[in-house]
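An overview of the molecular structure
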Amino acid sequence: MFTRYRLIFLLLLSSLLLLTGCEINRLKSADDLYQKHLYATAIQELDDLIANAENRAIATKAEILRSNSYIALAEAAVEKKNWPLAIRFFKLSNSDAANFRLAEIYRDLAVEASKAGNLELSKIYLDTIYREVPETPIIPEVLYRRIAYYVDVKADNEAAWADYMQLYDNYPNNPYEVLARNYVMRFIPGKLDYAAILNEQGYYTDALKELFEISKYPVVDMDRLNKQISDVYERQAEELINEQDYVEADRLFRIALQYYPQKKDSITNRLESITNLFIQKGNSLLEAGDYEAALIHYRKTFDIIPDYPPAVEAIKRVYTIQENIRKAGELFSQAERLEATGKLNEALQTYNAAYALDPKPEYKQKAAIVQNIMEANKNPSAFARRILNEYRGGILNTRIQNQKKELLKRYKENEIQDSGWKLMLSTGQYKYEARYDLLTPNETYLYVWQINLRDRSIVPLNKLSEALMQ
């Protein structure tokens, strides 16, 4: 059995060697045709060999030989200046060498077209190189010639700028990149002017984008460019001062100074003037109760003037206020406990002490309530009457008496029954009800209010009483 398998293996090996030998002979035959410059015939044999070869190594060599044959045909067409045929053969070659040679043909055609004054055709050839053979070494020349076309023919500075950025980013200091700078520098001042307009109109982000993009390339006066960048930051800083955002304004002023140190004197003076603005802003934040933000503004002055005395004093004031607030909170809690245990006199003093440290309406209101309760505990009826008499400067008494005067115009005095004030306990603790009646044969005026002794509030209990209070 082993002998039989071995025999089959030897037969297959023999067949393979025979077939390979046949393919080698066909490849050698095609190579002989190539050496004799019979390129078309060689290509025909190679096409058949590539399509049917069992040995892929031989097929690969055949493909290389076929590619070289097409290149040879293309070069023959070049000598005859048969450009369409040369281009067709170079493309059929499908190799890097053919592609690079094809790019050179397009370049030469572009140069000829340009010399002949056919600039549009020249541009078409250049575009074809850039599109079809982007890896060719002559791309820097292609980009240079396109830049010249955009600037001189189309006045399309943006297209020229886009090509120059590609040229410099990929081929910095290439001879053609250096030549291209002369074209680009012709329109760079216009781009700087445009950035200045953007800055004047408040489009700061767009202006900086334009300027920073230009700054990457050796085609600009860096002194002018840096000054313009500085101008953008300075203008933003001035706007922020108007918006009272002095912290951010300070940061942008310092960036402006970094880009253009020649502004040192003017920006330093401006920064020093901000110290007072920081103090003013800090004071307004302090009044609003935003102590941390106030401290930030006060301390920021130290970046401009170390140990700035007004800021030092302002910071001390913040700490004092914060400590007073803390103490007031403790006193308020203590006063609430005293009130809850009935020690009203001590509670009142403690509430007032808390209010003296931190004038919160809540502290003042609690002190007033305790004071009212103490008055109510002494003589509630008298306190209620006093609340009535003092309400809005005695307006209730005045208006009732005015109403009585009106009645006296229509009735005799003995026809008017005047009850005077009647005070009695109402529902709820520390609440009294106050009544006042004016009666005549034909008219009745019954006034009634509820008085809250805790907060000295007076609530009308009927429409007539409500109208009297308007």
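Residues numbered from 1 in each chain as written. Predicted model: local features only at pLDDT ≥ 70, side-chain atom pairs only at ≥ 80, totals over all residues. Heavy atoms only, no water.

1. A closer look at the overall build of the protein chain
Each helix and strand counted, the protein chain has 20 helices and 5 strands in total. Since a compact globule built from 470 residues should have a radius of gyration of about 23 Å, the 50 Å found for the protein chain marks it as more spread out than a globular shape. When the backbone C-alpha atoms are referred to their principal axes, the protein chain occupies close to 150 × 85 × 55 Å. Across the 470 residues of the protein chain, 41% fall into the buried class. In the protein chain, once contacts between residues fewer than 6 apart in sequence are set aside, the share between residues at least 24 apart is 48%. Working note: accessible area of the protein chain is about 26700 Å², and carbon and sulfur atoms make up 52% of it. Of the side-chain charges in the protein chain, 61 are positive and 66 negative, and the distance between the mean point of each set is 6 Å. (Helix = DSSP H or I, 4+ residues; strand = E, 2+ residues; numbered from the N terminus. Rg over C-alpha atoms; globule rule 2.2 N^0.38 Å. Buried < 20%, exposed > 50% of the residue type's maximum accessible area, 1.4 Å probe, protein only. Contact = heavy atoms within 4.5 Å. Areas by Shrake-Rupley, 256 points an atom, 1.4 Å probe, with all protein chains shown as cover. Lys, Arg positive; Asp, Glu negative; His and termini not counted. Charge placed at Lys NZ, Arg CZ, Asp CG, Glu CD.)

2. A short note on the nonpolar core
Soluble globular proteins: nonpolar side chains tend toward being buried together. Core analysis: the biggest nonpolar cluster contains 73 residues, and Phe90, Ile147, Trp161, Tyr164, Ile188 and Ile274 have the highest contact counts within it. In terms of residues, this core owes the most to one element, helix H7 (residues 139–154), which gives 9 residues. Those residues in contact with phenylalanine 90 that sit more than four places away from it in its chain are Ile71, Ala74, Glu75, Val78, Ala98, Arg101, Leu102 and Ile105. Among the nonpolar cores identified, the runner-up in size contains 41 residues, and Leu348, Ala367, Ala376 and Ile451 belong to it. (Core = buried A, V, L, I, M, F, W, Y, C linked by side-chain atoms within 4.5 Å.)

3. Some points on the pattern of salt bridges
Pairs can form between side chains of opposite charge once their charged atoms are near each other. Counted according to the given criterion, the structure contains 34 salt bridges. In this structure, aspartate 250 and lysine 300 form a salt bridge, with 3.7 Å as the shortest nitrogen-oxygen distance. Of this pair, aspartate 250 sits in helix H12 (residues 246–259) while lysine 300 sits in helix H14 (residues 291–300), and the two are 50 residues apart along the sequence. In this structure, a network of salt bridges that share partners links the residues Arg107, Asp108, Glu141 and Arg145. (Salt bridge = Lys/Arg side-chain N within 4 Å of Asp/Glu carboxyl O.)

4. Looking at the layout of surface pockets
Computed from the structure, the largest pocket encloses a volume of approximately 210 Å³. Lining the largest pocket are 14 residues; nearest its centre among them are Ser114, Ser122, Arg145, Ala148 and Tyr149. Secondary-structure elements contributing two or more residues to the lining of the largest pocket are helix H5 (96–115), helix H6 (119–132) and H7. It is H7 that contributes the most residues to the lining of the largest pocket, 6 residues altogether. By residue class, the composition of the lining of the largest pocket is 9 nonpolar, 2 polar and 3 charged. (1 Å grid on protein atoms, 1.4 Å probe; cavity = no way out; pocket = protein on both sides within 12 Å on 5 of 7 lines; lining within 4 Å. Points joined across faces, edges and corners; volume = space filled by probe spheres on them. Nonpolar A, V, L, I, M, F, W, Y, C, P; charged D, E, K, R; others polar.)

5. Some details on the pairing of strand E4 (residues 444–452)
Among the 9 residues in E4, 7 count as buried, and that is most of the element. Across 9 bridges, the pairing between strand E3 (residues 431–439) and E4 is antiparallel. In the strand pairing of E4, leucine 438 is matched with tyrosine 445. Here E3 folds back onto E4 in antiparallel fashion, the turn holding 4 residues. The loop that links E4 with its antiparallel partner strand E5 (residues 457–460) comprises 4 residues; one of these, arginine 456, has a positive phi angle of about 65 degrees. (Pairing = 2+ DSSP bridges.)

6. Observations regarding the packing of aromatic side chains
Using the criterion set out here, one finds 19 aromatic pairs in the structure. The interplanar angle of 25 degrees and the centroid separation of 6.1 Å between the aromatic rings of tryptophan 161 and tyrosine 164 together place this pair among those described as stacked. Taken together, the residues span about one helical turn, with tryptophan 161 and tyrosine 164 both in helix H8 (residues 157–170) at a distance of 3 residues. In terms of burial, tryptophan 161 and tyrosine 164 fall into one category: buried. Ring centres of tyrosine 447 and tryptophan 449 lie 5.9 Å apart, and the angle between their planes is 5 degrees; this geometry places the pair in the stacked category. (Phe/Tyr/Trp six-rings, centres within 6.5 Å; stacked < 30°, edge-to-face > 60°.)

7. Brief notes about the confidence of the model for the protein chain
Averaged over the protein chain, the pLDDT score is 88; the fraction of residues at 70 or greater is 91%. This model gives residues 7–19 a pLDDT under 50, and the stretch forms 1 contact once residues within four places in sequence are excluded. (pLDDT = per-residue confidence, 0-100.)

8. Notes on the side chain of lysine 281
Of note, lysine 281 is situated in helix H13 (residues 264–287). It turns out lysine 281 is buried and unbridged, and the closest side chain with the opposite charge, aspartate 245, is 8.0 Å from it. Each residue touching lysine 281, except ones within four places of it in the same chain, is listed here: Gln244, Tyr246 and His297.

9. Details of the environment of glutamate 433
Note on placement: glutamate 433 falls in strand E3. Using a relative accessible area of 15% as the deciding quantity, one classes glutamate 433 as buried. Along the chain, glutamate 433 and lysine 422 lie 11 residues apart, while their C-alpha atoms are 8.1 Å from each other. Apart from residues no more than four positions distant in its own chain, glutamate 433 is found in contact with Lys422, Leu423, Met424, Leu425, Ser426, Val448, Trp449 and Leu461.

10. Quick notes on H12
Across its 14 residues, H12 extends 20 Å between first and last C-alpha, which sits within 8% of the 20 Å expected from 1.5 Å per residue. Of the residues making up H12, those classed as buried are Tyr246, Ala249, Asp250, Leu252, Phe253, Ile255 and Ala256. (Expected span 1.5 Å × (residues − 1).)

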